[in-house]
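# Remarks on the overall topology
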Amino acid sequence: MDTGIWPESESFKDDGMGKFPSRWKGICQEGNRFNRSHCNRKIIGARWYIKGYEAEFGKLSPSDGIEFLSPRDAVGHGTHTSSTASGAEVKNANFRGLAQGIARGGAPSSWLAIYKVCWATGGCSSADLLAAFDDAIFDGVDIISASLGSPPPLSTYVDDALAIGSFHAVARGISVVCSAGNTGPYPQTVINTAPWVMTVAASTIDRDFPAVITLGNNQTVVGQSFYTGRGLNKFHPIVYGADIAATNIDGTSAGSCDLETLNATLARGKVILCFQSRWQRSAAIASKSVLEINGAGVIFAQFPTKDVSCPWSFPCVQVDFEAGTSLLTYMAASRKPVVKFSFSKTVIGQQLAPEIAYFSSRGPSSLSPSVLKPDIAAPGVDILASWSPASSYKLLNSPQTKASPFNFKLDSGTSMACPHISGIVALLKGIHPKWSPAAIKSALVTTASMKDEYGQHTVAEGAPHKQADPFDYGGGHVDPNKALDPGLIYDIKPSDYVCFLYAMGYNSTAIRLMTRVHTPCHKSAKFLRNLNLPSITLPELKQRMTVSRTVTNVGPVNSIYVARVQAPAGIDVSVEPWILTFNSTTKKLKFKVTFCSQLKVQGRYSFGNLYWEDGIHVVRIPVVVRIVINNHLYSET
């Protein structure tokens, strides 16, 4: 569910694809520049939804940019996500010569059904999204990948279209995978927090795109860039944005090269050094600002991150603050400071990975803090995948850009991480077709990794960087091979989710309208902490609390698991029983975990892990606890 698809992309060729399953009921809905011939044995369904959008936002107009009233993708986002999840193998894929190699989706032998619910304006209607969920369920999909969502404040679960639609899908055995949001690294920013969906954080990969900046004194500074043109392969004068501020503009705004803050006469033909500020954080905005006044290029100094936000169409190199400051030092010591850029290139294996991306939204959930979110992390930084050439037509026709349309693009976001997990879920579903969405989520979470490729603890980009914790990556970074054989799973019935909604305090009328089922439940707060998630999150531990979980054996019939606990700081943790014995008649076992606070002061969240081990399998769930003192101590006297 996204912005549509560019069906001509090589990622969607149907070579070797079998006939779609007989149970499939989907259609190939025609429209502007899209007819039934654009579906094949790979794209077996395509629908588009506009009625809700037009009712909510008004009719699409030419001023909104290029768009197609059909499943055809004018934006590129939907083509990128669908090819990441399910794209066929494409040799010699690259973005303007960068990241060259073989591109392949996570589950290249899976079929694709496209539901276009978002448009070039960025608008997505709740009514259209619900209609798409209804159609997808009716059509017979197995997995729904939805790189969608809105930043906080979050709508309640009974009002959120994605939560409602995904509930009905999950109740019918359809896994729903969603993006965690891109407003990190700040806490409580994670979106799509319903316990029945799989919420994905974004991580980095071990590939970067270095560009060398050579100074007039022959010293060099290395940054990152997507620019591969020849605009700055000769020396150009360099100035600091704050030194060429336009009339009546303060130095801070000009120093970050915000729009309409620079003196056009002083900037023309020069490279502008810009520093990220609290108000202007974007290299793309700085580049636009400099481009509009005919500057030669941009060096954008910012917090350290591996996400390249410089535009590809204009000479732009992003560096960290240390490099930016060294450039200022050089400029102050030189009468005529000049710089030139090398071409950007692709380097693999020189970056520690994975790390959690700076932009990836963090937990805890602002809506249901007892549900750990995000669930898991997957690659989402500078990901190469198919793109819609239509999205580049306007830019490519501008006088500043002379290039041909591109069919692949590098892009970053939790939107890119989400389809990685969707592809893995498709593979798991193919091997374990009877597993429920909760079982598949459990297999991924309990086998995820907390280490990078060198065995060091995963780091989360931030201010500053830190060791990653469950609010950054949930269970950890996905490990698909281990998820095939998790040993034990934490399963959940759809009726348990209904009881979760009651425990959240929603009234029965709203819950029945949302779920369309009647499930007798008690409004007990205990149910929130006892929902059988592959994690334990206690946002308010006062003194002592006990939670329960049930595990199902999906490994060898005769198995014995022993508990091991890494207790959160300041917490005593005990497990009862601490040995679980499975055989041919005992496939499910319940256990209890008791938490006791050692502290008598208000605490922050602390993190630990609970392991079940049988000598072969290591089944780990994250444990998150925050100690609180009695609220009456804060009341007025």
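So, how was this worked out
- Per chain, residue numbering runs from 1 following the sequence as it is written.
- In view of the model being predicted, local features appear only for residues whose pLDDT reaches at least 70, and side-chain atom pairs are presented and counted only at 80 or more, with totals across whole chains, interfaces and linings using the full set of residues.
- Heavy atoms from the whole structure form the basis of all side-chain values; hydrogens and water molecules are not counted.
- The secondary structure listing takes helices from DSSP runs of H or I that are at least 4 residues long and strands from runs of E that are at least 2 residues long, numbered from the N terminus.
- The atom set for the radius of gyration is the C-alpha atoms, and the globule formula is 2.2 Å times the number of residues raised to the power 0.38.
- Note on exposure labels: buried denotes an accessible area under 20% of the residue type's maximum, exposed denotes more than 50%, and partly exposed covers the range between, all computed with a 1.4 Å probe on protein chains only.
- We call two residues in contact whenever any of their non-hydrogen atoms come within 4.5 Å of each other.
- For the purposes of this description, domain bounds are those given by an automatic or database domain assignment.
- Here's the idea: put two parts together, see how much 1.4 Å probe accessible area each one loses, and the total over both is what we call buried area.
- The salt bridge criterion pairs a side-chain nitrogen of Lys or Arg with a carboxyl oxygen of Asp or Glu, the two atoms within 4 Å.
- Think of a polar contact as two N or O atoms within 3.5 Å of one another; within protein, one of them needs to be a possible hydrogen donor and the other a possible acceptor, and neighboring residues in sequence only count if both atoms come from side chains.
- Classes in brief: Ala, Val, Leu, Ile, Met, Phe, Trp, Tyr, Cys and Pro nonpolar; Asp, Glu, Lys and Arg charged; the others, Gly included, polar.
- Working definition: a disulfide is two cysteine sulfur atoms within 2.5 Å of each other.

### So, the overall build of the protein chain
For the protein chain, the helix and strand inventory stands at 16 helices and 30 strands. Since a compact globule built from 637 residues should have a radius of gyration of about 26 Å, the 26 Å found for the protein chain is in line with a globular shape. Oriented by its inertia axes, the alpha-carbon framework of the protein chain measures out at about 80 × 65 × 50 Å. Looking at the 637 residues of the protein chain, the share that counts as buried comes to 56%. Here the contacts in the protein chain between residues at least 6 apart in sequence split such that 74% fall between residues at least 24 apart.

### Quick look at the domain arrangement of the protein chain
As assigned here, the protein chain comprises domain 1 (10–203 + 355–467), domain 2 (210–345), domain 3 (493–528) and domain 4 (531–636). Distance between the C-alpha centres of domain 1 and domain 4: 32 Å. Carbon and sulfur atoms make up 69% of the area that domain 1 and domain 4 hide from each other, which totals about 1,100 Å². Scanning the region where domain 1 abuts domain 4 turns up zero salt bridges. Inspection of the region where domain 1 meets domain 4 yields two residue pairs in polar contact (both at pLDDT 80 or more). In the side of domain 1 that touches domain 4, the residues fall into nine nonpolar, three polar and one charged.

### Let's talk about the state of the cysteines
Within the structure shown, the criterion is met by five disulfides. Each sulfur of the disulfide joining cysteine 28 and cysteine 39 lies 2.1 Å from the other. Between cysteine 28 and cysteine 39, the S-S dihedral sits near 90°, and the bridge is therefore right-handed. Of this pair, cysteine 28 sits in the segment before β1 (43–48) while cysteine 39 sits in the segment before β1, and the two are 11 residues apart along the sequence. The two residues cysteine 28 and cysteine 39 agree in class, both being buried. Assigning the bonded cysteines of the protein chain consecutive numbers by sequence position, one obtains the connectivity 1-2, 3-4, 5-6, 7-8, 9-10.

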